[in-house]
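Residue strings, one per chain:
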Amino acid sequence: MADPMRIRAQVAGDKATVRVLMAHEMESGQRKDAAGKTIPAWHIQDVTAQHNGKTVMTAQWGPAVSKNPFLQFNVKGAKAGDKITVSWVDNKGDKRTDEATVS
Amino acid sequence: MTNIQGVVLAVAVVATMGASAQQRTAADGIAEYRKMLEDGNPAELSEAKGEALWKQKRGPKNASMEACDLGKGPGKVKGVFVELPRHFADTGKVQDLESRLLSCMSMLQGFDAAEIAKTPFGRGEQANIEGLVAWISAESRGLKFNLPQSHPEEKKMAELGKRAFFYRAGPYDFSCASCHGEAGKRIRLQDLPDLTQNPGDGIGFAAWPAYRVSSGDLWSMQRRLNDCYRQQRFPFPGYASDVTVALGTYMGVNAKGAVSIAPAIKR
Amino acid sequence: MPSRREMLSRSAQVATLLAAVGLFPQLAHAQAAPGFNAEAFAAKNMAEVMKALGGSAPVESKDISVTGPDIAENGAVVPIGASTTLPGVKRLLILVEKNPSVLAAMFNVTDAIDANISTRVKMGQSSNVFAMAMMNDGKVLFAQKEVKVTLGGCGG
């Protein structure tokens, strides 16, 4: 499994602000190596976020998302103690799921 | 004032403001960009790795780093970063964080320090050191630099560092001081901190290690110094060599009182 | 703002090409995630993105917000936010006009989240950045902002 994400979920009024840092190379497929060969694209394609097991957001990413991606969104009605789960799948089929508790 | 007079006055004011406003806007723009990146620093990923590595049994001796003395006694990590480089009795040398980690990794875990020193940045055990550096520096975040200068070796290293700082060499006859010897200098849009004194909280020595956005890696002070040497067209210094520790001692002593923001985020 | 004539012509193009969408072959590179819209992410301009997503001609709207720095010190990491307070958002998109592939990211919005997402994108050069909302009623609304990408000096 790939390296862990850092997920912070904090209550702000009647929502929770979720901030995620993912560890991923996000190789654009535009760069060439020292020998002049194009380094193949390697990036997160699908992202899913769940609140207490219910999917609240899905996303599709291209190679233009920055390396070690940062993502921030707000979950309505989330309370302290609720679970936020974030998963990603990349274009090589590698995946990662991590969860955090809303504080 | 009539409308026309008002307009003329307004235009005159805007015209005179124009030139300086442009410069302020660029610097302000950069400052705003940096601020936007502070929350969600990918260095946190390295910090998490480092904390795990500190506790993990590894190496030929299958031991963790938890007995490593970074200056405040075995296993103590909080507050050590802002007192490095310093003298260590067991090695008889002044050491910075990276060289001390090499000592502990070899003494406690059985790793070959010379091999790690030859490993390129970002690979193998070097990548692990970056994680350790990120976490250990994070454990001193917000504290002020306060390098000890009581041991004669510590004083000697600070003086050697000063000489190395001002030593001009290489095809361009640069020294560290060429860029960092005076306040108010910059290269293109990059402000250059004056490292002969305390340039302020979270600036210069107090801003490293840092996640370097342009390479997507965490840069330790050793890597930062290595790149400075490259930019001056000097030969690369040895990893954790005396000259790098001396420079760190000189800059760290100058930065006394500056608040550490490491690990920071940089362009 | 595009003229009415431009918008009508664009809509007509989209209409004819929509019929062909189903015939477009999937791109050759490794594609592990099912349902990943490779065509949209390979699109070289806004029109191609909209064609791949089956969207109508985008209309600029004050109800959409795109946030980001005026100057990015390094194009590798540019923080961009896309948001709107309008109800009925199906998707939020972030596009970088001058990137080799224009569409950077696409978020499917549910009722459980705010239509307010921030992330960081790579920009190859100074460019207009777009936040786009595809609405449940079929409308496509956008806001744009110019982000200058500069190269800092040598050091920290």
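Since this is a predicted model, take the numbers as computed values, not measurements.

## Details of the overall build of chain B
Then, number 1: Scanning chain B from terminus to terminus reveals nine helices and seven strands.
Then, number 2: The principal-axis extent of the C-alpha atoms belonging to chain B is close to 85 × 40 × 35 Å.
Then, number 3: Within chain B, the proportion of its 267 residues that are buried is 42%.

## So, the overall build of chain A
Then, number 1: The helix and strand tally for chain A stands at zero helices and seven strands.
Then, number 2: With the C-alpha coordinates of chain A rotated into their principal frame, the extents come out at 55 × 20 × 20 Å.
Then, number 3: Among the 103 residues that make up chain A, the fraction classed as buried is 43%.

## Examining the pairing of strand E6 (residues 83-90) of chain A
Within a regular strand, side chains alternate between the sheet's two faces.
Residues and elements named next belong to chain A.
Then, number 1: Side chains Ile84, Val86, Trp88 and Asp90 of E6 all project onto a buried face; the interleaved residues Lys83, Thr85, Ser87 and Val89 project onto a face where none is buried.
Then, number 2: By the bridge criterion, seven bridges tie strand E3 (residues 44-51) to E6 in an arrangement that is antiparallel. Bridge assignment links Ile44 to a residue of E6, and that residue is Asp90.
Then, number 3: The pairing of E6 with strand E7 (residues 95-101) spans seven bridges and is classified as antiparallel. When the bridges of E7 are listed, Val89 appears paired with Lys95.

## Observations concerning helix H5 (residues 124-138) of chain B
It helps to recall that an α-helix has 3.6 residues per turn; residues three or four apart then point in one direction.
All names here are of chain B.
Then, number 1: For H5, which comprises 15 residues, the first-to-last C-alpha distance of 22 Å matches the rise-based estimate of 21 Å (1.5 Å per residue) to within 8%.
Then, number 2: Within H5, 12 of the 15 residues are buried, which leaves it mostly tucked inside the rest of the structure.
Then, number 3: Among all positions in H5, only Glu125, Asn128, Ile129, Glu130, Gly131, Leu132, Val133, Ala134, Trp135, Ile136, Ser137 and Ala138 are buried.
Then, number 4: Where the residues of H5 are buried, they touch helix H2 (43-55), helix H3 (97-107), helix H4 (113-118) and strand E6 (217-219).

## Structural notes on the sheet that holds strand E7 (residues 116-121) of chain C
Then, number 1: Taken in spatial order, the six strands make up an open sheet running E1(A)-E2(A)-E5(A)-E7(C)-E4(C)-E2(C), and their pairing is antiparallel. What marks the edges here is a single partner per strand, and that holds for strand E1 (6-12) of chain A together with strand E2 (64-67) of chain C. Within this sheet the neighbouring strands show an average axis-to-axis angle of 15°, counted without direction.
Then, number 2: Note that strand E4 (residues 78-84) of chain C and E7(C) share six bridges and pair antiparallel. When the bridges of E7(C) are listed, C:Pro79 appears paired with C:Arg120.

## Let's talk about the interface of chain A and chain B
In many reports, interface size means the accessible area that the parts give up when they come together.
Then, number 1: Across the boundary between the two partners, chain A contributes nine residues, which contact seven residues of chain B.
Then, number 2: The residue inventory of the side of chain A that touches chain B, partitioned by class, reads four nonpolar, one polar and four charged.

## A look at the sheet that holds strand E5 (residues 210-212) of chain B
All names here are of chain B.
Then, number 1: Ordered by their spatial adjacency, three strands build an open sheet running E6-E5-E7, and the pairing between neighbours is mixed. The open sheet terminates on both sides in strands that have one partner only, identified here as E6 and strand E7 (264-266). Strand-to-strand twist across the sheet, computed as the mean angle between neighbouring axes with direction ignored, equals 35°.
Then, number 2: As defined by bridge partners, E5 adjoins E6 across three bridges and the pair is classed as antiparallel. Considered in E6, the bridge of Tyr211 is made with Leu218.

## Quick notes on the interface of chain C and chain A
Then, number 1: Tallying the contact residues gives 31 residues for chain C and 31 residues for chain A.
Then, number 2: Of all elements in the fold, only strand E6 (103-109) and E7 of chain C reach the threshold of two or more residues within the side of chain C that touches chain A.
Then, number 3: In terms of strand pairing, strand E5 (residues 70-76) of chain A meets E7(C) through two bridges, oriented antiparallel. Bridging across to E7(C), A:Leu71 finds its partner in C:Thr119.

## Let's talk about the domain arrangement of chain B
Residue and element names in this part refer to chain B.
Then, number 1: When its domains are assigned, chain B resolves into domain 1 (1-39) and domain 2 (40-266).
Then, number 2: Taken residue by residue, the interface counts five residues in domain 1 and four residues in domain 2.
Then, number 3: Its residues assigned to classes, the side of domain 1 that touches domain 2 shows three nonpolar, no polar and two charged.

## Structural notes on the packing of H2(B) against H5(B)
Residue and element names in this part refer to chain B.
Then, number 1: Interaxial distance between H2 and H5 falls to 7 Å at its minimum, and their mutual angle equals 100°. Classified by the angle between their axes, H2 and H5 sit roughly perpendicular to one another. Contacts from Ala43, Ser46, Glu47, Lys49, Gly50, Glu51, Leu53 and Trp54 of H2 reach H5 at Asn128, Glu130, Gly131, Leu132, Val133, Ala134, Trp135, Ile136 and Ala138.
Then, number 2: When the residues that make up the contact of H2 with H5 are grouped by side-chain class, the tally is nine nonpolar, four polar and four charged.

## Considerations on the confidence of the model for chain B
Then, number 1: In the predicted model, chain B carries a mean pLDDT of 91, and the fraction of residues at 70 or more is 91%.
Then, number 2: Here the predicted complex carries an ipTM of 0.94, next to a pTM of 0.83.

## Considerations on the packing of H3(B) against H5(B)
All names here are of chain B.
Then, number 1: At their nearest, the axes of H3 and H5 sit 11 Å apart, and the two run at 120° to each other. With respect to H5, the element H3 is oriented oblique. Relative to H5, H3 is oriented so that their crossing is right-handed. The segment H3 lies against H5, with Leu97, Glu98 and Leu101 engaging Ile129, Leu132, Val133 and Ile136.
Then, number 2: Looking at the contact of H3 with H5, its residues break down into six nonpolar, no polar and one charged.

Cut-offs and rules
Residues numbered from 1 in each chain as written. Chains lettered and ligands numbered in written order. Predicted model: local features only at pLDDT ≥ 70, side-chain atom pairs only at ≥ 80, totals over all residues. Helix = DSSP H or I, 4+ residues; strand = E, 2+ residues; numbered from the N terminus. Buried ≥ 20, exposed ≤ 12 C-beta atoms within 10 Å, placed from the backbone. Pairing = 2+ DSSP bridges. Expected span 1.5 Å × (residues − 1). Contact = placed C-beta atoms within 7 Å. Axes fitted to C-alpha atoms, helices over the stretch in contact; angles between N-to-C directions. Nonpolar A, V, L, I, M, F, W, Y, C, P; charged D, E, K, R; others polar. Domains from an automatic or database assignment. Parallel < 35°, antiparallel > 145°, perpendicular 65-115°, else oblique. pLDDT = per-residue confidence, 0-100. Left-handed = near helix turned anticlockwise from the far one by under 90°.

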